[in-house]
Protein chains: 2
Amino acid sequence: MDIALLGGTGDIGQGLALRWADDTNHTIIIGSRKAQKAANKAEEYETELASRGHDDVSIAGLVNEDAAARADVVVAAVPAYHLTDTIDAVADELDDTTLVAPAVGMQRDEDGFHYNRPGAGSVTQLAANAAPDDTPVVGAFHNLAAGRLANLDADLNWDTIVVGDDTDAKDTVCELAEGIEGLRALDGGPLANAAEIEGLTPLLINVARHNDGLHDLGVKFQ
Amino acid sequence: MDIALLGGTGDIGQGLALRWADDTNHTIIIGSRKAQKAANKAEEYETELASRGHDDVSIAGLVNEDAAARADVVVAAVPAYHLTDTIDAVADELDDTTLVAPAVGMQRDEDGFHYNRPGAGSVTQLAANAAPDDTPVVGAFHNLAAGRLANLDADLNWDTIVVGDDTDAKDTVCELAEGIEGLRALDGGPLANAAEIEGLTPLLINVARHNDGLHDLGVKFQ
C-alpha cells in the first residue's frame, strides 16, 4: 500500500515512516509544505533504514499535495493547529483515499498538560469536517509517544485505538497499525468516540512527568 | 489503617473492600445510607473472604457517618451524582481524614460512552469542593473495572493514577493502592489533572464494547 505522511518531517510522522519502512513492505511518501524539506527528510530516513540493512527501501519526499496524490492512505501527521489548512490544501487529491488523523489538541498550564477539546467535539472530527464528503476519515495513532516510536531500537508493546464511521477504511487502518511490530489496533467505535482517545495523550505526558523512570509512555488495555 | 468505603455496598466499593481484605491487614468498614444494608453487605463480604481462608477478617457495616468517624481514610465509592451529598453528610467526621474520590461522570449516547466533565473541572474537583477545607482530597481508582476488581480469582495487572495537592495524603493513597496485588499506583500530579484520568473510563468501556474478547478492562502505562 502507498502511504503518504503529510507533515512527515515532524516527530510522529518520522516515527510512523520509519516503523512502516522497517516492519512492512508499504511504500512510504513523506509530505511537507516544502518539497526540499520533504526530500531531505526522506533521504535521512533512507540512510537510517540502510544502516539497519534496508538497502532497498526508497522513500519519496514531496510537497504535501503531490504526496497525497500518490497515496492510498494519507496520514495528516501535523499538529492540531495545522490540521484543517493541511487537509484543505490536499483536498483535491483525496479521491479514493483514506485520511487518517492522529492529531490531539493540548494546552499546558502550571499543573500539567490538559486536553483542549475543540468545539467540533474532537480534533479527529475537525479533520472529518475539513475532508471532502466522500473521503473516509479514521482517527488513529493519537497516543503514541513520538520519541520511542522513532527509535527503532525500542520495543513498543502498545495499543492504538482506531475510530471511524467507514468500516472498510477503519479495517484498512487497523491492518496498517498492526503491521508495526508491537502495536495492537483496537476498535474504538465511531468517530464520535474520538475525544476520550485524544484526552489520553495529555494524561500520558502528566504521568511521565511525575514518575521517575517512566517516559515516552503508551498504553496497553488489559 | 482503617478504611471506610462510603457506598461500599456498590460495585467499586465491593471490589476495593474485598481486595484490601484479601491482600492486606487494613481494617475495612462498609458505609451506606442505611445501616442495615451496610451490615448485610459486610456480612456477605466476610462470608466470601472466609470461603477463601480468611476466617479472622471482621468487616463492620455502618451508616456512612459512623463509618467515616472510625476511619483514617474515607473512600467516597458512590456515583458522581451522589458524591456531593455523600460528602456533605459525613463532613463533620472528616477530621484528620484523607478523602479519596474514585467517581467519574459519564453519559451514554448512540455512539458510545462519553466523559461528562462537570463545570468544576472534574468530578474529583467536585469532591474537593464539597470536603472541609482541612480535609485532603485525593483522586484515585477511577479506571478500575468493578467486575474484575470484585472477582478475587481474577488477576489485575493494572495501573491507577493518583492525583492530589497534599503530598502526604497522596503517598498514603498510593501505598493503599499498591497493597492490592497487581495494582500499581502512578502519580498524576495535582488534583487539577483529574479530568484526563476520569475521561479514560468511558474509553475503556467503548474499547471493551467494540473488541471481542476484551471486557472489564483497565490500563497499563508503559
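Counting starts from 1 at the beginning of each chain's written sequence and moves along it residue by residue. In the order they appear in the text, chains get letters beginning with A and ligands get numbers beginning with 1. Where local features are concerned, this predicted model is filtered to residues with pLDDT of at least 70; where side-chain atom pairs are given and counted, the filter is 80 or more; whole-chain, interface and lining totals use all residues. Think of the side-chain values as coming from all heavy atoms in the structure, minus any hydrogens and water.

1. Overview of the overall build of chain A
To keep things clear, this is the line we draw: Numbering of helices and strands runs from the N terminus, with a helix taken as a DSSP run of H or I at least four residues long and a strand as a DSSP run of E at least two residues long. The reference for a compact globule is 2.2 Å times residues^0.38; the radius of gyration itself is calculated from the C-alpha atoms. Burial here depends on accessible area, computed with a 1.4 Å probe over protein chains only, as a share of the maximum for the residue type. Under 20% is buried, over 50% is exposed, and the range in between is partly exposed. Note that His is not counted, nor are the chain ends; the positive residues are Lys and Arg, and the negative ones are Asp and Glu. We put the charge of a Lys on NZ, of an Arg on CZ, of an Asp on CG and of a Glu on CD.
If you tally the helices and strands in chain A, you get 9 helices and 11 strands. Compactness check: chain A gives a C-alpha radius of gyration of 16 Å against a globular reference of 17 Å for 222 residues, within 12% of the reference. Taken along the three principal axes of its C-alpha coordinates, chain A extends 45 × 40 × 30 Å. For chain A, with 222 residues in total, the buried portion stands at 57%. Positive and negative side-chain charges of chain A, numbering 14 and 39 respectively, have mean locations separated by a distance of 8 Å.

2. Overview of the side chain of Thr24 of chain A
Residues and elements named next belong to chain A. Stated formally: Nitrogen and oxygen atoms within 3.5 Å of one another constitute a polar contact, given that in protein one can donate a hydrogen and the other can accept it, and given that sequence-neighbouring residues count only through two side-chain atoms. Only heavy atoms matter for contacts: two residues are in contact if any of them lie within 4.5 Å across the pair.
With respect to the element layout, Thr24 can be found in the loop between α1 (11-23) and β2 (27-32). A distance of 2.6 Å separates the side chain of Thr24 from the backbone oxygen of Trp20, its partner in a polar contact. Only 3.2 Å separates the side chain of Thr24 from the backbone nitrogen of His26, close enough to count as a polar contact. With sequence-adjacent residues up to four places away left out, Thr24 is seen in contact with Arg19 and Gly179.

3. Concerning helix α7 (residues 167-178) of chain A
Residues and elements named next belong to chain A. Put simply, the test is: Here the expected span of a helix is defined as 1.5 Å times the quantity of residues minus one. The arc in question is formed by the directions pointing from the helix axis toward the C-beta atoms.
The terminal C-alpha atoms of α7, which comprises 12 residues, lie 16 Å apart, in line with the 16 Å expected from a rise of 1.5 Å per residue. Within the span of α7, buried status applies to Ala169, Lys170, Val173, Cys174, Leu176 and Ala177. The arc that holds the buried residues of α7, viewed along the axis, is 160°, so those residues lie on one side. Exposed residues lying more than 90 degrees from the buried face of α7 are Thr167, Asp168 and Glu175. Looking at where α7 begins, the residue whose side-chain oxygen comes 3.1 Å from the main-chain nitrogen of Asp168 is Asp166.

4. Re the sheet that holds strand β3 (residues 60-63) of chain A
Residue and element names in this part refer to chain A. Which entries qualify depends on this criterion: Pairing between two strands requires that DSSP report at least two bridges joining them. Think of each axis as a best-fit line through the C-alpha atoms, taken over the contacting stretch in the case of a helix, with angles from 0 to 180 degrees between the N-to-C directions.
As summarised here, the arrangement of the 8 strands in space is β3-β2-β1-β4-β5-β8-β9-β10, forming an open sheet in which the pairing is mixed. Each end of this open sheet is capped by a strand with a single partner; those strands are β3 and β10 (183-189). Put simply, the sheet's adjacent strands are angled 25° from each other on average, direction ignored. In the sheet, strand β5 (residues 98-101) pairs with strand β8 (residues 137-139) via 3 bridges, with the strands oriented parallel. In the strand pairing of β8, Val100 is matched with Val138. Sitting on the sheet, α7 is in contact with β1 (2-6), β4 (73-76), β5, β8, β9 (158-164) and β10, with an inclination near 160° to β10.

5. Some remarks on the relation of the copies chain B and chain A
Each of the two chain copies can be generated from the other by rotation about an axis followed by a shift along it. Stated precisely, the cut-off is as follows: Copies are brought into register by a least-squares superposition over C-alpha atoms of residues with pLDDT of at least 70 in both.
Rotating chain B by 180° about the axis while translating it 0.0 Å along that axis superimposes it on chain A, leaving an RMSD of 0.0 Å. In the structure described here, the two chain copies are related by an operation that fits a two-fold rotation axis. Across chain B, the rotation axis passes nearest the C-alpha of Lys220 of chain B, at a separation of 2.6 Å. Most of the interface of chain B is mirrored in chain A: 100% of its interface residues are interface residues there too.

6. Points about the interface of chain B and chain A
By convention, interface size is frequently given as the accessible area that disappears when the constituent parts associate. For clarity, the cut-off: Summed over both partners, the accessible area lost on bringing two parts together, with a 1.4 Å probe, is the buried area. The residue classification treats Ala, Val, Leu, Ile, Met, Phe, Trp, Tyr, Cys and Pro as nonpolar and Asp, Glu, Lys and Arg as charged. All others, Gly included, are polar.
Between chain B and chain A, the residue contacts involve 36 residues of the former and 36 residues of the latter. For the chain B and chain A pair, buried surface summed over both sides reaches about 2,800 Å², with 57% attributable to carbon and sulfur atoms. Listed by contribution, the elements that provide at least two residues to the side of chain B that touches chain A are β7 (113-115), β9 (158-164), β10 (183-189), α8 (194-198), α9 (200-210) and β11 (219-221) of chain B. The element that contributes the greatest number of residues to the side of chain B that touches chain A is α9 of chain B, accounting for 7 residues. The class makeup of the residues in the side of chain B that touches chain A is 17 nonpolar, 12 polar and 7 charged.

7. As for the UniProt feature "domain: Pyrroline-5-carboxylate reductase catalytic N-terminal" (unreviewed entry) in chain A
As a reminder of what qualifies: UniProt positions are given in the numbering used here, feature names are shortened, and annotations may be inferred rather than shown by experiment.
UniProt's entry tags residues 3-104 of chain A with the feature "domain: Pyrroline-5-carboxylate reductase catalytic N-terminal" (unreviewed entry), counted in the numbering of this structure. In residues 3-104 of chain A, helix accounts for 47% and strand for 22%; the two terminal C-alpha atoms are 21 Å from one another.

8. Topic: the packing of aromatic side chains
All names here are of chain A. Stated formally: Stacked, edge-to-face and tilted labels apply to pairs of Phe, Tyr and Trp rings (six-membered ring for Trp) whose centres lie within 6.5 Å, assigned for plane angles under 30 degrees, over 60, and everything in between, in that order.
This model, assessed by the stated rule, comprises 2 aromatic pairs over all chains. Residues Trp20 and Phe141 carry aromatic rings whose centres are separated by 5.6 Å and whose planes lie at 85° to one another, so their mutual orientation is edge-to-face. Separated by 121 residues along the polypeptide, Trp20 in helix α1 and Phe141 in the loop between β8 and α6 (146-149) bring together distant segments of the chain. Like Phe141, Trp20 is buried.

9. Observations regarding the pairing of strand β2 (residues 27-32) of chain B
Residues and elements named next belong to chain B. The condition is simple: Throughout, right-handed denotes a crossover for which the path from the first strand over the helix to the second runs clockwise when the strands point away from the viewer.
Most of β2 is tucked away: 5 of the 6 residues are buried. What joins strand β1 (residues 2-6) to β2 is helix α1 (residues 11-23), and the crossover it makes is right-handed. Bridge analysis of β2 against strand β3 (residues 60-63) gives 4 bridges, and the strand direction is parallel. Each residue of the ladder has a partner; that of Ile30, found in β3, is Gly61.

10. A short note on unusual backbone geometry
With phi around 50°, Asp216 of chain A is a residue other than glycine that occupies positive phi space. Note on placement: Asp216 of chain A falls in the loop between α9 (200-210) and β11 (219-221). Located in the positive-phi region is Asp96 of chain B, a residue other than glycine, with phi close to 55°. Along the chain, Asp96 of chain B turns up in the loop between α4 (80-90) and β5 (98-101).

11. Concerning the layout of surface pockets
Gaps left between atoms are located by rolling a probe of water-molecule size over the structure's atoms. The cut-off we apply is this: Only protein atoms enter the 1 Å grid used here, on which a cavity is any set of points holding a 1.4 Å probe that cannot leave and a pocket is any open set flanked by protein within 12 Å on both sides along at least five of seven lines; residues with an atom within 4 Å of a point are listed as lining. Grid points are joined across faces, edges and corners, and a volume is the space filled by probe spheres set on the points.
A volume near 790 Å³ is recorded for the largest pocket. What lines the largest pocket is a set of 35 residues, among which Asp11, Ile12, Ala77, Val78 and Pro79 of chain B lie closest to the centre. Breaking the lining of the largest pocket down by element, the ones donating at least two residues are α1, α4 and α9 of chain B. When the residues that make up the lining of the largest pocket are grouped by side-chain class, the tally is 19 nonpolar, 11 polar and 5 charged. Of the volumes computed, that of the second largest pocket is approximately 540 Å³. Those elements that place two or more of their residues in the lining of the second largest pocket are α1 and α9 of chain A. The leading source of residues in the lining of the second largest pocket is α9 of chain A, at 4 residues. Taken together, the residues that form the lining of the second largest pocket break down as 18 nonpolar, 4 polar and 2 charged.

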